[in-house]
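If you want the building blocks of each chain, they are given just below.
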Amino acid sequence: MSFSKWIGGALGWSFGGPIGAIIGLAIGSVIDSLADNGQPLLGERQSTRGRRTYRTQPRQRPQTQSGDFEVSLLVLASVVIKADGKQDQRELDYVRQQFVNMYGKQRANHAFKLFKGISKQNVSVRPVCLQIKSMMDHPSRLQLIHFLFGIAKADGTVTKDEERQIYTIAGYLGISSKDYQSIKAMFYNSKDNAYKILEIEKDASVDEIKKAYRKMAKKYHPDRVIHLGKEHQEGAEEKFRQVQEAYEQLQKELRF
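Residues numbered from 1 in each chain as written. Predicted model: local features only at pLDDT ≥ 70, side-chain atom pairs only at ≥ 80, totals over all residues. Heavy atoms only, no water.

With respect to a positive patch on the surface
No. 1: On the surface, Lys178, Lys210, Lys211, Arg214 and Lys215 cluster together into a positively charged patch.
No. 2: Per-element accounting of the positive patch gives the leading share, four residues, to helix α12 (residues 206–219).
No. 3: Under the relative-accessibility criterion, Lys178 is labelled exposed at 54%. (Patch = residues over 30% accessible without salt bridge, like charges linked within 9 Å, V, L, I, M, F, W, Y side chains within 5 Å. Areas by Shrake-Rupley, 256 points an atom, 1.4 Å probe, with all protein chains shown as cover. Salt bridge = Lys/Arg side-chain N within 4 Å of Asp/Glu carboxyl O. Lys, Arg positive; Asp, Glu negative; His and termini not counted. Charge placed at Lys NZ, Arg CZ, Asp CG, Glu CD. Helix = DSSP H or I, 4+ residues; strand = E, 2+ residues; numbered from the N terminus. Buried < 20%, exposed > 50% of the residue type's maximum accessible area, 1.4 Å probe, protein only.)

Here it is as structure tokens:
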């Protein structure tokens, strides 16, 4: 698969708006080379009459596809990695390895061609996140936040700057405080983490704990992001597993 075919397939609703502008700058040199070779440009399709037609952003939110998630992840990952003023190689390696695990080596290589161009830009977080919020379903946005914390933790510690940046992103994405704290708790070691993951108070009754577990198991079930493709099931399964472990921990502590 060539880079041009990959990027054409990767961009769905994300082609256009602030994300489209960022991507356009990132692949400008690639587009120039394609144009010189007479190949169709990104976002263009040749009609049967040889006339170029352009994608436009749909008015209604479509179901988020793997490519849309992939591009959104690349943009937001570039923001988080630079949050503490430096690009740690361990974080870059983590992003790359996650992409290899999800998409395979060839597609990951294409993604990193794009990522290099994105990381050189000063991304305006608010408009990017608002575009994602308007087009991406809630389970997929939760998955984005989980992945961003994974990037931040790749060097062993989530710094205050990284946490602050992810918190800002979560707010713009329309993620509630409880959902944010639940995902955040999955990346910290604390005796209260089980309660935070299940989104309950420490004085919750056994019935409230059981109810919370059922609610969170449903919210984080891997099937909620099945539309993103099986390549994203591993990340979703990790969230689901941590919900189960939080519940089992409370079962042992409270003996119910």
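Don't stop here, the text continues.
Observations regarding the pattern of salt bridges
No. 1: Applying the stated criterion across every chain, the model contains eight salt bridges.
No. 2: Between Arg107 and Glu70 there is a salt bridge whose closest N-O contact spans 2.5 Å. In this pair, Arg107 sits in helix α6 (residues 105–119) while Glu70 sits in helix α4 (residues 66–81), placing the two residues 37 residues apart along the sequence.
No. 3: On the basis of relative accessibility, which here comes to 23%, the residue Arg107 falls in the partly exposed class.
No. 4: Here Lys219 and Asp179 are joined by a salt bridge, their closest N and O atoms 2.5 Å apart. In this pair, Lys219 is assigned in helix α12 and Asp179 in helix α10 (residues 177–185), connecting sequence segments 40 residues apart. This pair shows no difference in class: Lys219 is buried, exactly as Asp179 is.
No. 5: Beyond isolated ion pairs, a larger network of salt bridges with shared partners links Asp179, Glu199 and Lys219.

Things to note about the packing of aromatic side chains
No. 1: As enumerated under the stated definition, the model contains seven aromatic pairs in all.
No. 2: Measuring from ring centre to ring centre gives 6.0 Å for Tyr94 and Phe147, while their planes differ by 55°; the resulting arrangement is tilted. With a gap of 53 residues between them, Tyr94 in helix α5 (residues 89–103) and Phe147 in helix α8 (residues 138–153) connect regions that are remote in the sequence.
No. 3: Residue Phe147 is classed as buried on the basis of its relative accessible area, which comes to 7%.
No. 4: Considering the side-chain rings of Tyr247 and Phe256, the 5.8 Å spacing of their centres and the 65° angle between planes classify their relative orientation as edge-to-face.
No. 5: Given a relative accessible area of 11%, Tyr247 falls into the buried group.
No. 6: Three or more aromatic residues joined by ring pairs make a cluster, and in this case those are Phe149, Tyr167, Tyr180 and Phe187. (Phe/Tyr/Trp six-rings, centres within 6.5 Å; stacked < 30°, edge-to-face > 60°.)

Quick notes on the packing of helix α2 (residues 17–26) against helix α7 (residues 125–135)
No. 1: In contact at an axis separation of 7 Å, α2 and α7 are set at 120° when each is read in the N-to-C sense. Considering the angle they form, α2 stands oblique to α7. On the side of α2, the interface is formed by Gly17, Pro18, Ile19 and Ile22, while α7 contributes Pro127, Val128, Gln131 and Ile132.
No. 2: Along the lines of polarity and charge, the residues of the contact of α2 with α7 split into six nonpolar, two polar and no charged. (Axes fitted to C-alpha atoms, helices over the stretch in contact; angles between N-to-C directions. Parallel < 35°, antiparallel > 145°, perpendicular 65-115°, else oblique. Contact = heavy atoms within 4.5 Å. Nonpolar A, V, L, I, M, F, W, Y, C, P; charged D, E, K, R; others polar.)

Some words on the environment of Asn193
No. 1: Tracing the backbone shows Asn193 in helix α11 (residues 193–197).
No. 2: Residues Asn193 and Ser182 lie eleven residues apart in sequence; the distance between their C-alpha atoms is 8.1 Å.
No. 3: If we skip the residues at most four places from it in the chain, Asn193 touches Ala185 and Tyr188.
No. 4: Here the side chain of Asn193 touches Ala185 through a polar contact of 3.0 Å, landing on its backbone oxygen. (Polar contact = N/O pair within 3.5 Å; in protein donor to acceptor, adjacent residues only side chain to side chain.)

Shape is all these values report; function is a separate question.
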